[in-house]
Amino acid sequence: MATKKQKIPPSECVEFEVFLADISAAFINLPSDRVYAKIKDSLRQMVEFMGADRSTLGEYLPGGLEFWVRCSYAVAGVDPIPLGPVDFRSYPWINKNLKRGEIIYFSSLDELPTEAKTDRESLVKLKQKSNVIVPITMEGVLRYALAIGTIKAERVWPQELIHRLRLMGEIFANALIRKSADEKLRASEAAFSSIFDNAPLAMVLLDRDRRIHQINHKAGDIFSITESPPEERRFGEAVRCIHHRDDPAGCGFGDYCRNSCALRRIVEETYQTGEPRHQVEANLTSRGEEGEDELFFLISTNFIGRPEGRELLVSIEDITKRRQAENRSLKLREELFHVTRSSSMGELAASLAHEIKQPLTAILSNARAGQRFLIPDHQDLNEVKDALSDIAEDSSRADQIIMRLRQMMRKGSVKPRPLDINKIIEEVIIVLQGAVEKKEGSILLDPGADLPPVMADRIQIQQVILNLVLNSLAARGREIDRKEHTSELQSHSFISYAVFCLKKKTKSNTLYFCYEVKVVHILNTARHKSLNTPMYAVTRLH
């Protein structure tokens, strides 16, 4: 815009350059809480250097729809511009040109164009006589405006200094942007710390060496950390893991730490892959004042950015009480299972007594026969040998029955292991043979060939087979025609389920062990001639 111009000697330009350098240096490493005070002091120095009365720095808020005065200085006898929002409608021409990136300067209000009538009226209210307003853009976006002017008298602005004022504005703008970034960072850190400290999950910040940088209240409660802050201590040491002293070097160096510590493995895998882990189960044994406690956790890991650099956030969900409840429940189920087995054995008591009595009776008969063949007048050593052989065979038979019975009645925890299903069936049949004969029935075995092992508990599988056979016998007992009935045991490949069904064609009760659940129709049985409904009777084996 056309205005009066004044030239200044080169020495004054050099002085202004030095002045700018001093101002710029003053903002280096300046704490963010002192930025506004330093800007106001710099505005004062600029007013004094340029012989002005008032200087103001304002900010365009994101979107450019609002302008706020952030800092203002005025000499004695002159009011500074009030801090806060400025109504754009009072300065439409100035605002339009600033958004174009143009520097506005005038030595007198009379130099303003006709279209700046509204702006002139607003400047008169501020008692402004001359002014320079410099737009400050950052990355192509108008962010700030720096103004310096006179109130007491008109001032002709040196052209050389007008453009250098933009540098001054950029110094202020960079300081304010840095201040804003610092405040956002502090607010973010404060929010993180609040969430971290009060989170319902235990949280720990670790480095790759598993040294603790920060621990929250929940973690302190879980691991009973009441002494001084555990920062820079390794995790195992802080939580008093019983293995952290296995090696003189401390936590992470003993054989257990390197080979079995789940937490160490999770942290290492997270650092190696860079991928977070989610709810991986782990446990450790902690030594407290009252002895050792086994603790169970679900561990989750993720990297977070902090001012100090990238750190690993480890979230720890304590599932110790849940696991203890599960163990108690498992123990109760085992007790109930044992009671069920005892009840089943009670039902078979008479049959078992008969089954055991048979070999004992045979042993007694063979023993008496052997005695007779040893009488001098009737000695027959061949008969004696045969009797002893029969005694040994019957004794072995009785021993097998008692041994199988003791195995089925044994009380213990569930221990899955590879089993031969055909062998398990044979073991149960030895115990059940008397009960089947008492029902005037028979058992036909149809073992599958080359069956893969079943991963299961022996006692549980025996109980399943025992229940199925007893149910089969009970079902037979309710049939009208009890003749020509057999209990048929079949085993098929890929055993995973036990299914009981009735078959019309063979008039038999069939027990299947197969990979898939079989759906069997009861067709025209003796009592339900019209029934044609799928019947499921399934017991999981694993």
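Values in this document were obtained by computation on a predicted structure and should not be read as measured data.

### Considerations on the overall build of the protein
No. 1: If you tally the helices and strands in the protein, you get 14 helices and 20 strands.
No. 2: Counting over 542 residues, the protein shows a buried share of 44%.
No. 3: Pairs at least 24 residues apart make up 57% of the contacts formed inside the protein by residues separated by at least 6 positions.
No. 4: Roughly 30400 Å² of accessible area belongs to the protein as shown, and the carbon and sulfur atoms make up 52% of that amount.

### Digging into helix 9 (residues 262-273)
No. 1: End to end, helix 9 covers 16 Å across 12 residues, agreeing with the expected 16 Å (1.5 Å per residue, within 8%).
No. 2: Taken residue by residue, helix 9 has Ala262, Leu263, Ile266, Val267, Glu268, Thr270 and Tyr271 as its buried positions.
No. 3: Within two residues after helix 9, Gly274 carries a phi angle of roughly 75°, on the positive side.

### Considerations on the pattern of salt bridges
No. 1: Applying the stated criterion across every chain, the model contains 15 salt bridges.
No. 2: Note that Glu48 is salt-bridged to Arg44, the shortest N-O span being 3.1 Å. Linking Glu48 with Arg44, this pair stays in helix 2 (residues 35-50), spanning four residues, or about one helical turn.
No. 3: Taking the shortest distance from any N to any O, the salt bridge between Arg258 and Asp255 comes out at 2.7 Å. Note that Arg258 and Asp255 are positioned in helix 8 (residues 255-259) at a spacing of three residues, about one turn of the helix.

### Notes on a negative patch on the surface
No. 1: A contiguous patch of negative charge on the surface is contributed by Glu383, Asp386, Asp390 and Glu393.
No. 2: Structurally, the position occupied by Glu393 is in helix 12 (residues 381-409).

### Focus: the sheet that holds strand 2 (residues 67-74)
One key point about sheets: their strands pair by backbone hydrogen bonds, in either a parallel or an antiparallel sense.
No. 1: Spatial ordering of the open sheet is given by 3-2-1-6-5-4, a layout of six strands whose pairing is antiparallel. Each of the sheet's edge strands pairs with one partner strand only, and the pair in question is strand 3 (84-86) and strand 4 (104-106). If you compare each strand with its neighbour and ignore which way they point, the axes differ by 25° on average.
No. 2: Bridge count between strand 2 and strand 3: three bridges; the pairing is antiparallel.

### Some points on the packing of aromatic side chains
No. 1: Counting across every chain of the model gives eight aromatic pairs.
No. 2: Aromatic side chains Phe16 and Phe19 sit 5.8 Å apart centroid to centroid with 45° between the ring planes, which places their arrangement in the tilted category. Of the two residues, Phe16 and Phe19 are both situated in helix 1 (residues 10-26); the distance of three residues between them amounts to about one turn of the helix. Comparing Phe16 with Phe19 shows no difference in burial state: the two are buried.
No. 3: Chaining the aromatic ring pairs together yields one cluster made of Phe16, Phe19 and Phe49.
No. 4: Between the NZ or CZ atom of Arg323 and the centre of the ring of Phe296, over which it lies, the distance is 5.3 Å.

### Quick notes on the side chain of Asn131
No. 1: Tracing the chain through its elements places Asn131 in strand 5 (residues 130-138).
No. 2: Classification of Asn131 as buried rests on a relative accessible area of 5%.
No. 3: Excluding residues within four positions of it along the chain, Asn131 makes contact with Ile104, Tyr105, Phe106, Ala147, Ile148, Gly149 and Trp157.

### Details of the pairing of strand 1 (residues 54-60)
No. 1: Of all seven residues in strand 1, seven are buried; the element is thus mostly enclosed.
No. 2: The side-chain alternation of strand 1 yields two buried faces, one formed by Arg54, Thr56, Gly58 and Tyr60 and the other by Ser55, Leu57 and Glu59.
No. 3: Of the pairings in the sheet, the one linking strand 1 to strand 2 comprises seven bridges and is antiparallel in character. Considered in strand 2, the bridge of Arg54 is made with Ala74.

### Let's talk about the environment of Cys241
No. 1: In this structure, Cys241 sits in the loop between helix 7 (235-238) and helix 8.
No. 2: Dropping the residues within four chain positions of it, Cys241 is found in contact with Gly236, Thr285 and Ser286.

### Re the nonpolar core
Looking at soluble globular proteins, one finds that nonpolar side chains tend to be buried together.
No. 1: In terms of nonpolar packing, the biggest core is built from 39 residues, with Ile39, Met46, Val132 and Phe172 touching the most fellow members.
No. 2: Going through the elements one at a time, helix 1, helix 2, strand 2, strand 5, strand 6 (141-150) and helix 5 (159-198) are the ones with two or more residues in this core.
No. 3: With nine residues, helix 5 is the single largest residue contributor to this core.
No. 4: In this view, Ile39 contacts Phe27, Leu57, Cys71, Phe172 and Leu176; residues no more than four positions away in its chain are not counted.
No. 5: Of all hydrophobic cores here, the second largest spans 28 residues; its members include Ile212, Ala219, Val239 and Leu284.

### Digging into the pairing of strand 5
Each regular strand displays side chains that alternate between the two surfaces of the sheet.
No. 1: The buried count for strand 5 comes to eight of nine residues, which makes it a mostly enclosed element.
No. 2: Alignment of strand 4 against strand 5, held across three bridges, turns out to be antiparallel. Among the inter-strand pairings, Ile104 is bridged to a residue of strand 5, identified as Ile133.
No. 3: Bridge analysis of strand 5 against strand 6 gives nine bridges, and the strand direction is antiparallel. Pairing of Ile133 across the sheet is with Ala147, part of strand 6.
No. 4: Here strand 5 folds back onto strand 6 in antiparallel fashion, the turn holding two residues, of which Glu139 has a positive phi close to 55°.

### Topic: the environment of Asn29
No. 1: Within the fold, Asn29 resides in the loop between helix 1 and helix 2.
No. 2: Sequence spacing of Asn29 and Ala175 is 146 residues, and the spatial spacing of their C-alpha atoms is 9.8 Å.

Rules behind the numbers
Residues numbered from 1 in each chain as written. Predicted model: local features only at pLDDT ≥ 70, side-chain atom pairs only at ≥ 80, totals over all residues. Heavy atoms only, no water. Helix = DSSP H or I, 4+ residues; strand = E, 2+ residues; numbered from the N terminus. Buried < 20%, exposed > 50% of the residue type's maximum accessible area, 1.4 Å probe, protein only. Contact = heavy atoms within 4.5 Å. Areas by Shrake-Rupley, 256 points an atom, 1.4 Å probe, with all protein chains shown as cover. Expected span 1.5 Å × (residues − 1). Salt bridge = Lys/Arg side-chain N within 4 Å of Asp/Glu carboxyl O. Patch = residues over 30% accessible without salt bridge, like charges linked within 9 Å, V, L, I, M, F, W, Y side chains within 5 Å. Lys, Arg positive; Asp, Glu negative; His and termini not counted. Charge placed at Lys NZ, Arg CZ, Asp CG, Glu CD. Pairing = 2+ DSSP bridges. Axes fitted to C-alpha atoms, helices over the stretch in contact; angles between N-to-C directions. Phe/Tyr/Trp six-rings, centres within 6.5 Å; stacked < 30°, edge-to-face > 60°. Lys NZ or Arg CZ within 6 Å of the ring centre and 35° of its normal. Core = buried A, V, L, I, M, F, W, Y, C linked by side-chain atoms within 4.5 Å.

None of this, on its own, says anything about what the molecule does.
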